[in-house]
Amino acid sequence: MAGGPTRAGPAAQPALPRGARRSQPGLAPRRPPLPTRACPAASAARPTVAGVIARVEPLTPARALRGPFDYRLGPGFEGVGVGSVLEVPFGSRRLVGVVVELAEASEVGPDRLAEPLAALEMRVPAALIALGLWVAAEYVSTPARGLSLVLPPGTGTGGRRVRARTALRASLTGRGQGALGANGHGPRLGPRQRTVLDALARGPMNASALARAAGCDHGALRRLERRGLVAVERAREPSRRPRMVEVGARCEVAEPTAAQRAALAAVTGRLGAPGAGERPFLLHGVTGSGKTEVYLRAVSAVLERRRSAIVLVPEIALTPQTAGRFVERFGDAVAVMHSRLSPRERYDEWARLREGEARVCVGPRSAVFAPLDDLGLIVIDEEHDPSYKQEGDPRYDARRVAERRAADEGAVLLAGSATPRPESLRAYERLELPRRVDGRPLPPVELVSTLGAAGPLHQRTRDALERVRARGEKAIVLLNRRGWSNFLSCRDCGRTWGCPHCDVTLVLHLAARSVACHHCGHGEPVPRACPDCGSLSVARHGSGTEQLERELEALMTPLPVLRLDSDAGRIDHVLARFDRATAGVLVGTQMVAKGHDFPDVTLGVVVDADATLRFPDFRAEERAFALVAQLAGRSGRGPRGGRVIVQALDPAARALRHAAAHDAEGFLHGELARREALGYPPYGTLIRVVCSSPEAGPEAGAGEAVRERVAAAGVPALGPAPLFRRQGRHRSQVVVKARNREAAVAAVRDAVAAVAGDRAHRPVSYAVDVDPQ
Ligand code: ADP
Ligand code: ZN
Ligand code: ZN
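Because the structure is a prediction, the values reported are computed rather than measured. Chains are numbered independently. Their residues run from 1 in the order of the written sequence. Chains carry letters and ligands carry numbers; both start at the beginning, A for chains and 1 for ligands, and go up in the order they are written. Two thresholds apply to this predicted model, a pLDDT of at least 70 for residue-level local features and 80 or more for giving and counting side-chain atom pairs, whereas whole-chain, interface and lining totals are computed over all residues. Hydrogen atoms and water are omitted, and side-chain values are computed over all heavy atoms in the structure.

## Section: the coordination of the zinc ion (ligand 3)
Then, number 1: Water is not part of the atom set, so a site may look incomplete; the donors themselves are N, O and S atoms within 2.8 Å of the metal, or 3.2 Å for Na, K and Ca. Protein-derived ligands of the zinc ion (ligand 3) are Cys499 (SG), Cys502 (SG), Cys517 (SG) and Cys520 (SG), with the metal-ligand distances lying across 2.2 to 2.4 Å.
Then, number 2: With four donor atoms in place around the zinc ion (ligand 3) and angles of 105 to 112° between them, the coordination shape is tetrahedral.
Then, number 3: Between consecutive donor residues of the zinc ion (ligand 3), the sequence gaps follow C-x2-C-x14-C-x2-C. By the criteria applied here, four donors are tetrahedral when all angles lie between 85 and 135 degrees, four are square planar and six octahedral when opposite donors are over 155 degrees apart and every other angle lies between 65 and 115, and any other arrangement is irregular.

Given below as structure tokens:
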């Protein structure tokens, strides 16, 4: 349909969206993100509409539909401002939109503007509207998707249908009831007003439901309220606080160490100072050095100053201890946003933050958009964690968004890790916690070579595990590969089992009795025979966590062996069981190396530690280093001490040598030098454009066109290079590596918009990833 609406809604006139001409399809915003200052259209030359105009960005997933569009704010909408969420008529549809700007005048004639149908009671802070639009531009997405990030949960574009959640509930008053029964003798009612009262005679209704049932907009409802026929009240039910599983949470408030005190003084000294948000802090402290205690005290200092704080953590199911410590320390002042909240709970926590009932938000990357006013501090715990990058559009990096938000709102940014990113080491002001709080040394790390080894476990590892078994202790074993074995092949004809939709091999999962694709979820029963030659001899190659679990069970009886990976069910339950057990083994993917604090683990093992180094990725070294260093941090936290064994094909690899020596400093300096020489981040910006199509061919043509246009803009671009087919789509990749970030983002945005708008490349889809992980 055309942009212009066709049906006269309950509003006086149908809306004519401003600039309703079809915009070119593509990825680029048609205009730069709107600032919240006065609009240029307010010049005297334009026709002027009395009253206030709201510029509304519609929240539709359609890339072609770009606002903002103008609506007139009539009576009943006095409270609407930047950040208000409105339900508006749009053609024959109703859309949810966000006010991105207020204006005095519109280019569109006054009689042609429609009024909104309803307004969500709670408004998004204006600063967050600016942030959402910035994310859209910075990560080459659409305003609607950028804004969805900052809206109350359940309001965004998502995959589902959007619907305004109105907080107004209307009911019939006694007078209203009388008017209905009076049969012409009571107050005069228009036909539409009668319809509304009739609807309410059946019981109270939410304003948005009433709008649908009886075509009653906000203004009409308010008029009925003023006449005493209808009562309107806020309908929010008391919020239900989400519950969390507790894993070894500890509450005692200890005297801070000298290093903790120094770090804390630096942070609190910056609170409220001019330019507080300009230079972030990096809290570089070995595992167990008391970083979390510094965060807790810094948040405390912020609350004392009547300001608010955000604490970003990697996935909460994986690190329930950290979130639990904040809840213990600050009680109801904390809102926790974790993935297991119901939509209702999510909304309630958002509302508690928005209304100032909660002033600390603890959560994963999306918590960077928490609706807090007067933000004083943003903490990023385990700042090296890859989960801070969003995988779907907009592919934002919460760390970068946090930098931006802190700078905009004058908040102090405090990022902490035992294995910080080279980026943060270079750009942030460093605070150090060089020793563990308990004074215990970091565990010794032994590197062993598995070249030519028979099974997944080296003899040294077996011996160490045997000691753990004999003494009734705990061990953690890391193998970053799920399933039983990575691929199957026929011993007679050489057939391998691959995914029909992706060009990858299928992974055997014995417990689930299937071979499965880790990219699209395709699964098949475990083959008994080769479908090509009928042979019954099918070989299994490589080993994953499932197989290792079985092997460890045999080795460690009678100690319990618990598996932790994304196939293993509730993560928090597995962690709680391991915490409660007096002895046993936790085996799993990188999940086992997250910030868990189990004081009685005496052995850590990394199997195939250089697996990541065999992938061509400039972050591979950083990953391998962090994996080993983080796992080492889980061992030897108790009085019995601990040790770590790292198995690798090439134990001499630089990342592994530095990790074994607990030498983050040396590793990071080498890494920075290498990146500078190659122009990688933080010395340059990487942008990945993936073109994909259902048939082979068009994706490569589109990739070539994108590369040419980017290069023509003077920005170096490589490719297109074919990627393996995924989910039935052929893919081609262009990589942009540039020193000038702004120019690179702009060149990619323009190139993709132009190529996407070119009919010659019709069936191709585009995914842009700025700062890919
Ligand atoms: P990190 O976050 O650096 O891994 P934590 O903050 O979790 O370290 O601290 C590790 C342990 O030491 C926790 O059990 C914590 O309660 C304890 N701890 C932290 N600071 C102190 C202190 N100043 N004195 C005694 N114990 C402390
Ligand atoms: Zn065969
Ligand atoms: Zn697949």
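What follows continues from the structure just given.
## Observations concerning the coordination of the zinc ion (ligand 2)
Around a metal, the idealised angle for a tetrahedral arrangement of four donor atoms is 109.5 degrees; for an octahedral arrangement of six donor atoms it is 90 or 180 degrees.
Then, number 1: Here the zinc ion (ligand 2) is held by Cys490 (SG), Cys493 (SG), Cys530 (SG) and Cys533 (SG), and the distances to it run 2.3 to 2.4 Å.
Then, number 2: Of note, the donors binding the zinc ion (ligand 2) are all from one chain and are spaced C-x2-C-x36-C-x2-C.
Then, number 3: Buried residues are those whose accessible area, probed at 1.4 Å on protein chains only, stays under 20% of the maximum for their type, while exposed residues exceed 50% and partly exposed ones sit between those limits. Cys490 gets classed as buried once you look at its relative accessible area, which sits at 3%.

## Side note on the sheet that holds strand E14 (residues 412–417)
Then, number 1: DSSP calls a pair of strands paired once it identifies at least 2 bridges connecting them. Runs of H or I in DSSP of at least four residues are treated as helices and runs of E of at least two as strands, each being numbered from the N terminus. Across the sheet, which stays open at both edges, the seven strands sit in the order E11-E12-E10-E13-E14-E9-E15 with parallel pairing between neighbours. One side of each edge strand has no neighbouring strand; the edge strands of this open sheet are strand E11 (334–336) and strand E15 (429–433). This sheet shows a mean twist of 20° between the axes of neighbouring strands, independent of strand direction.
Then, number 2: Strand direction decides the pairing type here: strand E9 (residues 281–285) and E14, joined by four bridges, are parallel. Opposite His284, over in E14, you have Ser417 as the bridge partner.
Then, number 3: Strands in contact with helix H9 (residues 320–330) are strand E10 (308–312), E11 and strand E12 (360–363); relative to E11, the strand with the most contacts, it is inclined by about 155°. Lines fitted to C-alpha atoms define the axes here, with helix axes fitted over just the stretch in contact, and angles between the N-to-C directions of these axes take values from 0 to 180 degrees. The contact rule is simple, with two residues in contact once any of their heavy atoms fall within 4.5 Å.

## Side note on the side chain of Glu383
Then, number 1: Looking at the secondary structure, you find Glu383 in the loop between strand E13 (375–380) and helix H11 (398–409).
Then, number 2: A distance of 2.7 Å separates a polar atom in the side chain of Glu383 from a polar atom in the side chain of Ser424.
Then, number 3: Other than its neighbours up to four places away in sequence, Glu383 contacts Leu282, Tyr388, Arg399, Ala415, Gly416, Ser417, Pro420, Arg421 and Ser424. Any pair of nitrogen or oxygen atoms within 3.5 Å is treated as a polar contact; in protein, a donor-acceptor pairing is required on top of that, and neighbouring residues in sequence qualify only through side-chain atoms on both sides.

## Things to note about the site of ligand 1
Then, number 1: Looking at ligand 1, there are 18 residues lining it, with Glu255, Gln260, Gly288, Lys291 and Thr292 nearest.
Then, number 2: One nitrogen or oxygen atom from the main chain of Gly288 is found 2.9 Å from an oxygen atom belonging to ligand 1.
Then, number 3: In this structure, an oxygen atom belonging to ligand 1 sits 3.4 Å away from a main-chain N or O atom of Glu293.
Then, number 4: Note on areas: these come from Shrake-Rupley sampling with a 1.4 Å probe, and a residue is covered only by the protein chains present in the view. In the complex, 80% of the free accessible area of ligand 1, which totals 550 Å², lies under the protein chains.
Then, number 5: For the shell around ligand 1, the element with the most residues is helix H8 (residues 291–304), which contributes three residues.
Then, number 6: Residues belonging to the shell around ligand 1 are distributed by class as follows: four nonpolar, seven polar and seven charged. Here, proximity means that at least one heavy atom of the residue falls within 4 Å of the molecule or strand. When residues are grouped by polarity, Ala, Val, Leu, Ile, Met, Phe, Trp, Tyr, Cys and Pro land in nonpolar, Asp, Glu, Lys and Arg in charged, and all others, Gly among them, in polar.

## Notes on the environment of Ala418
Then, number 1: Locating Ala418 in the fold gives a position in the loop between E14 and helix H12 (422–427).
Then, number 2: Each C-alpha atom, one on Ala418 and one on Gln630, is 7.5 Å from the other, the two residues being 212 residues apart in sequence.
Then, number 3: Contact partners of Ala418, with chain neighbours within four places excluded, come to His284, Gly285, Val286, Thr287, Lys291, Gln630 and Ala664.

## Topic: the side chain of Lys389
Then, number 1: Mapped onto the fold, Lys389 is located in the loop between E13 and H11.
Then, number 2: One polar contact links the side chain of Lys389 to the main-chain carbonyl oxygen of Val770, over a distance of 3.3 Å.
Then, number 3: Setting aside residues up to four positions removed in sequence, Lys389 forms contacts with Arg365, Arg395, Tyr396, Asp397, Asp769, Val770, Asp771, Pro772 and Gln773.

## Structural notes on the environment of Gly498
Then, number 1: The topology assignment puts Gly498 in the loop between strand E18 (487–490) and strand E19 (507–509).
Then, number 2: When the C-alpha atoms of Gly498 and Cys517 are compared, they prove to be 8.1 Å apart, with 19 residues separating the residues in sequence.
Then, number 3: If sequence neighbours within four positions are ignored, Gly498 has contacts with Val504, Thr505, Leu506 and Glu524.

## Details of the sheet that holds strand E24 (residues 584–588)
Then, number 1: Sheet architecture is open: six strands sit in the order E16-E26-E25-E17-E24-E23, paired in parallel fashion. Only two strands of the sheet have a single partner each, and these edge strands are strand E16 (445–449) and strand E23 (561–564). Going across the sheet, the axis of each strand differs from the next one's by a mean of 15°, ignoring polarity.
Then, number 2: Relative to strand E26 (residues 643–648), E16 is paired through five bridges, and the arrangement is parallel. Directly across from Leu447, in E26, lies its bridge partner Val646.
Then, number 3: The strands that helix H13 (residues 459–471) touches are E16, strand E17 (474–479), strand E25 (601–607) and E26; relative to E26, the one it contacts most, it runs at about 150°.
Then, number 4: Helix-sheet contacts for helix H16 (residues 620–634) involve E16, E17, E25 and E26, and the interaxial angle to E25 is about 160°.

## Section: the confidence of the model for the protein
Then, number 1: In this model, the protein carries a mean pLDDT of 85, and residues with pLDDT of at least 70 account for 88%.
Then, number 2: Looking over the protein, one finds the lowest element-wise mean pLDDT in helix H5 (residues 207–214), namely 77, and the highest in E13, namely 98.
Then, number 3: A score from 0 to 100, pLDDT tells how confident the predictor is in each residue. Every residue in residues 1–50 is under pLDDT 50, and counting partners more than four places away or in other chains gives 116 contacts.
Then, number 4: Under a pLDDT of 50 for its full length, residues 243–250 has, in the predicted model, 27 contacts with residues more than four places off or in other chains.

## Here we look at the environment of Ala259
Then, number 1: With respect to the helices, strands and loops of the structure, Ala259 is situated in helix H7 (residues 258–270).
Then, number 2: Other than its neighbours up to four places away in sequence, Ala259 contacts Glu432, Leu433 and Pro434.

## Structural notes on the packing of aromatic side chains
Here a ring pair, both rings aromatic, is described through the centre-centre distance and the interplanar angle of the planes.
Then, number 1: Side-chain rings of Phe, Tyr and Trp, where Trp is taken by its six-membered ring, are said to pair if the distance between their centres is within 6.5 Å; with planes under 30 degrees apart they count as stacked, over 60 as edge-to-face, and otherwise as tilted. Scanning the entire structure with this criterion turns up seven aromatic pairs.
Then, number 2: For the ring pair Phe326 and Phe330, a centre distance of 6.4 Å and an interplane angle of 35° mean the geometry is tilted. Residue Phe326 and its partner Phe330 are both found in helix H9; the two are separated by four residues, about one turn of the helix.
Then, number 3: Measuring from centroid to centroid gives 5.3 Å for Phe369 and Tyr396, while their planes differ by 75°, and the two rings are edge-to-face. Separated by 27 residues along the polypeptide, Phe369 in the loop between E12 and E13 and Tyr396 in the loop between E13 and H11 bring together distant segments of the chain.
Then, number 4: Judged by relative accessible area, which is 1%, Tyr396 ranks as buried.
Then, number 5: When the NZ atom of lysine or the CZ atom of arginine is within 6 Å of a ring's centre and also within 35 degrees of its normal, the charge is said to sit over that ring. The ring of Trp497 is capped by Arg495, whose NZ or CZ atom sits 4.7 Å from the centre of that ring.
Then, number 6: Residue placement shows Lys737 over the ring face of Tyr680; its charged tip is 4.5 Å from the ring centre.

## Describing the pattern of salt bridges
Then, number 1: Just to be clear on terms, a salt bridge is a Lys or Arg side-chain nitrogen sitting within 4 Å of an Asp or Glu carboxyl oxygen. Counted by the stated rule, this structure contains 48 salt bridges.
Then, number 2: Here Arg482 makes a salt bridge to Asp567, at a shortest N to O gap of 2.8 Å. Of this pair, Arg482 sits in the loop between E17 and E18 while Asp567 sits in the loop between E23 and helix H15 (571–580), placing them 85 residues apart in sequence.
Then, number 3: Residue class for Arg482 comes out partly exposed when judged on its relative accessible area of 23%.
Then, number 4: The class of Asp567 is partly exposed, set by a relative accessible area of 35%.
Then, number 5: Through salt bridges that share partners, Glu423, Arg619, Glu621, Glu622, Arg654, Glu671, Arg674 and Arg675 make up one connected network.

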